[in-house]
Amino acid sequence: MDTGVYNQALVMQTASTNIGERMGRSQELSDSKRGPMIGGHLGNKSICDISWLLNIPRSTVGGIITKWKQLGTTATQPPSGRPRHMTGRGQRMLKRTVRRSHQLSAESIAKDLQTWCDLQMSPTTVRRELHGMGFHGRAAASKPSITKCNAKRRMPWCKARRYGTL
């Protein structure tokens, strides 16, 4: 194999590996990396300089400095909103239960989940979760029974329109 082609392939492989390492969501920065960013900012270093010195993206450095200015801390804040009641395992169990039997009531499903997954859940929560998964409870439309008298009147009307409109 030609060494030039080999070197080119090696460079391409290294470049793709580096791109793969940078893409996606990375791990949270530790306090030991956040401190020097704030120290550099207080030492009148630019964001670009801090980014280059610490080998961290500019957007990350800027975000941490902004957070420090607004909140006075660089610690990770707790997430907003209420935590979800149902776990991924519970959702899979709920979906499996509904697919097995479509006619179960929300009350019986809630009791089953309490038995199997040890989840205390109200029927309203079960309905909300099912709605989010794309399952919608629908009652069949009520169809009045056709009486013999009405059937006699309907038959000529239907035969007249069998092949289209009059």
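This text gives an overview of the structure that appears in the document. Think of each chain on its own: its residues are numbered from 1, step by step along the sequence as written. Totals for whole chains, interfaces and linings use every residue, but because this is a predicted model, local features are given only for residues with pLDDT of at least 70 and side-chain atom pairs only at 80 or more, for both listing and counting. Side-chain numbers here rest on the full set of heavy atoms in the structure, without hydrogens or water.

## Concerning helix H6 (residues 106–117)
Now for step 1: A run of H or I in DSSP counts as a helix once it spans at least four residues, and a run of E counts as a strand once it spans at least two, with each numbered from the N terminus. Working rule for helices: expected span equals 1.5 Å times residues minus one. For H6, with 12 residues, the first-to-last C-alpha span of 16 Å sits near the 16 Å given by 1.5 Å per residue.
Now for step 2: For H6, the complete set of buried residues consists of Ala106, Ile109, Ala110, Leu113 and Cys117. The arc that holds the buried residues of H6, viewed along the axis, is 100°, so those residues lie on one side. Residues of H6 that are exposed and point more than 90 degrees away from the buried face comprise Lys111 and Thr115.
Now for step 3: At the exit of H6 stands Asp118, carrying a positive phi of roughly 60°. Each residue is placed in one exposure class: buried if its accessible area under a 1.4 Å probe, protein chains only, is under 20% of its type's maximum, exposed if it is over 50%, and partly exposed if it falls in between. Picture the helix axis, draw a direction to every C-beta atom, and the arc is the one those directions span.

## Some words on helix H7 (residues 123–133)
Now for step 1: Buried within H7 we find Thr125, Val126, Glu129 and Leu130. All buried residues of H7 project into a common sector of 135° when viewed along the axis, lining one side. Turned more than 90 degrees away from the buried face of H7 sit Arg128, His131 and Gly132, all of them exposed.
Now for step 2: Throughout, a residue-residue contact means that at least one pair of heavy atoms, one from each residue, lies within 4.5 Å. On its buried side, H7 packs onto helix H5 (88–100) and H6.
Now for step 3: Of the residues one or two after H7, Gly134 is the one with positive phi, at around 100°.

Everything listed is a geometric property; what it means functionally is a separate question.
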